[in-house]
Amino acid sequence: MKKQIKEIPSILFLMISFGVAIRVMTGGKEEVPLHWNVRGEIDSWGDTWTIVLLPVIALALYGLLTLLQRRPQWYNYPCKVTTKK
């Protein structure tokens, strides 16, 4: 139960990031800013679908880290991982 409760902030972050991406995509703009220079001026623009890239990367990392957490034997440990204490 405690493990499931610890996952709530991560899942909320993913849901919020996808929600923001969908809101930006449906906002009617054709381009979104991608990069700002030191003075805070926009120097790179991209299509609205590029805004989905960050939440997709976050979801992939979350999935990979969750999988590795459940399979500790896949880590590169110098000894065998067991449940013994």
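Since the structure is predicted, the reported quantities are computational estimates derived from the model, not experimental observations.

Trainee: Give a description of helix α3 (residues 53–70) that names residues and reports values.
Mentor: The end-to-end C-alpha distance of α3, which contains 18 residues, comes to 26 Å, matching closely the 26 Å that a straight helix rising 1.5 Å per residue would cover. Residues of α3 that are buried include every one of P55, A58 and T66, and no others. Looking straight down α3, one finds that the buried residues subtend no more than 65° of arc, so they occupy a single side. Residues of α3 that are buried make contact with α2 (8–25).

Trainee: Hey, could you go over the environment of I16 for me, with residue numbers and the actual values?
Mentor: Tracing the sequence through the fold places I16 in helix α2. Under the relative-accessibility criterion, I16 is labelled exposed at 56%. Along the chain, I16 and P55 lie 39 residues apart, while their C-alpha atoms are 9.1 Å from each other.

Trainee: Now, about the environment of D43: what can you tell me, with residues and values included?
Mentor: Here D43 lies in strand β2 (residues 42–47). Residue D43 is classed as partly exposed on the basis of its relative accessible area, which comes to 45%. As for D43 and P33, which are separated by 10 residues in sequence, their C-alpha atoms are 7.9 Å apart. Apart from the residues within four sequence positions on either side, D43 is in contact with H35, W36 and N37. At 2.9 Å, the side chain of D43 forms a polar contact with the side chain of H35.

Cut-offs and rules
- Residues numbered from 1 in each chain as written.
- Predicted model: local features only at pLDDT ≥ 70, side-chain atom pairs only at ≥ 80, totals over all residues.
- Heavy atoms only, no water.
- Helix = DSSP H or I, 4+ residues; strand = E, 2+ residues; numbered from the N terminus.
- Expected span 1.5 Å × (residues − 1).
- Buried < 20%, exposed > 50% of the residue type's maximum accessible area, 1.4 Å probe, protein only.
- Arc of directions from axis to C-beta.
- Contact = heavy atoms within 4.5 Å.
- Polar contact = N/O pair within 3.5 Å; in protein donor to acceptor, adjacent residues only side chain to side chain.

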